[in-house]
Amino acid sequence: MKSVRKAVFPVAGLGTRFLPATKAFAKELLPIVDRPLIQYAVDEAREAGIKQMIFVTGRGKVGLEDYFDIAFELETVMRGRGKSLEMLEPTRSQPGSIASVRQQEPLGLGHAVWCARDIIGDEPFAVLLPDDLMVGKPGCLAQMMQAYDKVGGNIICVQEVPREKTASYGVIAPGTADGKLTEVKGLVEKPRPEDAPSNLAVVGRYILQPEVMRILEDKETGAGGEIQLTDAMAKLIGTQPFHGLTFDGQRHDCGDKTGFVIANIALALDRHDVGPAVRAFIADIA
Ligand code: UTP
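Residues numbered from 1 in each chain as written. Predicted model: local features only at pLDDT ≥ 70, side-chain atom pairs only at ≥ 80, totals over all residues. Heavy atoms only, no water.

Comments concerning the nonpolar core
Reasoning step 1: Counting 38 residues, the largest nonpolar core has F9, I38, I50, F55, L141, M144 and I207 as the members making the most contacts within it.
Reasoning step 2: Taken together, the elements giving at least two residues each to this core come down to β1 (6–10), α1 (37–47), β4 (52–57), β6 (125–128), α6 (140–151), β8 (154–160) and β11 (200–208).
Reasoning step 3: Ranked by the residues each element gives to this core, the list is headed by α6, at 7 residues.
Reasoning step 4: Residues in contact with M144, not counting those within four places in the same chain, are I155, I156, C157, R205, Y206, I207 and L245.
Reasoning step 5: If you look at the next biggest cluster of nonpolar residues, it comprises 33 residues, including V56, L129, I156 and I215. (Core = buried A, V, L, I, M, F, W, Y, C linked by side-chain atoms within 4.5 Å. Buried < 20%, exposed > 50% of the residue type's maximum accessible area, 1.4 Å probe, protein only. Helix = DSSP H or I, 4+ residues; strand = E, 2+ residues; numbered from the N terminus. Contact = heavy atoms within 4.5 Å.)

Dropping the structure here:
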């Protein structure tokens, strides 16, 4: 079984739910307390043993690449003022460990993943959607890697959602379950509640076999006229092992305004520096 060394971060979406904030910069640079969303996702991937990060970017997203580069002027000024550069430590990366490819048009998540096909080559790979902020110990992708070591194949992260919300997600048709691992028998993108095969929704973490790239090559469109990753994954079922892992931890949907605000509060409350003041403020207004 080949190990998973590469991760794709699709970050070429338009982020229309966050306009006007995302008019001139990437949604994935929006901060949760003092770290941008992309930092949490990259940290999670590093913890899971990923060596190569591949950003699928689009116009107006160059800030994401600059973020992981050396900020020469800033560092020179800070050093000159005797300030510590420790805060910049998480933004450092091994030279060559971050690559980026461009998705010229936002044709869908499946298309974004396919844009990374040449860098992925013939290896299994992870996909992380940075706007799903996963808080857990170990991290979500590390939990999925443990499952991958046992069963191999394709592993997607799943979460129970209220039935009335299935139309916002890809939903699995579950087979037999073994603890947190559920066999995936089928996948449907954005089903109406009455058509949904379960209330187990796919959230933004995947470990996939490279064969999915061959299927994405066909550029078939699905729900919303987009090239859907879910539809391509559905075609792998039956040809390779396919499981859903229920993540032991908390997911914040930061692509949504409410989820973003809640994530900021939840992570702030957990911090030694800002937590006490935020807690006192909430108690005061409650
Ligand atoms: P979303 O569905 O959240 O779309 O994409 P979006 O465009 O980012 O945001 P809204 O809905 O307009 O507010 C889920 C993930 O897939 C990426 C996004 O960047 C995000 O990480 N994506 C989506 C692409 O990279 N390319 C696409 O064509 C579509």
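Comments concerning the pattern of salt bridges
Close approach of charged atoms allows side chains of opposite charge to pair.
Reasoning step 1: Enumeration over the complete set of coordinates arrives at 20 salt bridges.
Reasoning step 2: Notably, a salt bridge pairs R35 with D43, separated by 3.3 Å at the nearest N-O pair.
Reasoning step 3: According to the relative accessible area criterion, R35 is partly exposed, its value standing at 31%.
Reasoning step 4: The partner of R192 in a salt bridge is E194, and the shortest N-O contact between them spans 3.7 Å.
Reasoning step 5: When salt bridges that share partners are traced, they join K2, D122 and R214 into one network. (Salt bridge = Lys/Arg side-chain N within 4 Å of Asp/Glu carboxyl O.)

A word on the packing of aromatic side chains
Reasoning step 1: In total, this model carries 4 aromatic pairs according to the counting rule given.
Reasoning step 2: An angle of 85 degrees between the planes, with centres 5.5 Å apart, marks the rings of F9 and F55 as edge-to-face. Taken together, the residues span a long stretch of sequence, with F9 in strand β1 and F55 in strand β4 at a distance of 46 residues. The same class applies to F9 and to F55, which are both buried.
Reasoning step 3: On the basis of an interplanar angle of 55 degrees and a centroid distance of 5.8 Å, the ring pair of F55 and F68 is categorised as tilted. Of the two residues, F55 is situated in strand β4 and F68 in the loop between α2 (62–67) and α3 (72–80); the sequence distance between them amounts to 13 residues.
Reasoning step 4: Residue class for F55 comes out buried when judged on its relative accessible area of 0%.
Reasoning step 5: Lying over the aromatic face of W114, R117 brings its terminal NZ or CZ to 3.7 Å of the ring centre. (Phe/Tyr/Trp six-rings, centres within 6.5 Å; stacked < 30°, edge-to-face > 60°. Lys NZ or Arg CZ within 6 Å of the ring centre and 35° of its normal.)

Quick word on the pairing of strand β9 (residues 170–178)
Reasoning step 1: Here β9 runs beside strand β10 (residues 181–189); their pairing, made up of 7 bridges, is antiparallel. Each residue of the ladder has a partner; that of A173, found in β10, is G186.
Reasoning step 2: Between β9 and β10, which pair antiparallel and follow one another directly, the connecting turn spans 2 residues, one of which, G179, has a positive phi of 60 degrees. (Pairing = 2+ DSSP bridges.)

Considering the site of the ligand
Reasoning step 1: Lining the immediate surroundings of the ligand are 17 residues, of which P10, T16, R17, K27 and Q103 lie closest.
Reasoning step 2: At a separation of 2.9 Å, an oxygen atom of the ligand approaches a polar backbone atom of A12.
Reasoning step 3: At 2.7 Å, a side-chain N or O of K27 approaches an oxygen atom of the ligand.
Reasoning step 4: Compared with its free state, where it exposes 570 Å², the ligand has 82% of that area covered by protein.
Reasoning step 5: Across the shell around the ligand, the residue classes break down as 8 nonpolar, 5 polar and 4 charged. (Near = heavy atom within 4 Å. Polar contact = N/O pair within 3.5 Å; in protein donor to acceptor, adjacent residues only side chain to side chain. Areas by Shrake-Rupley, 256 points an atom, 1.4 Å probe, with all protein chains shown as cover. Nonpolar A, V, L, I, M, F, W, Y, C, P; charged D, E, K, R; others polar.)

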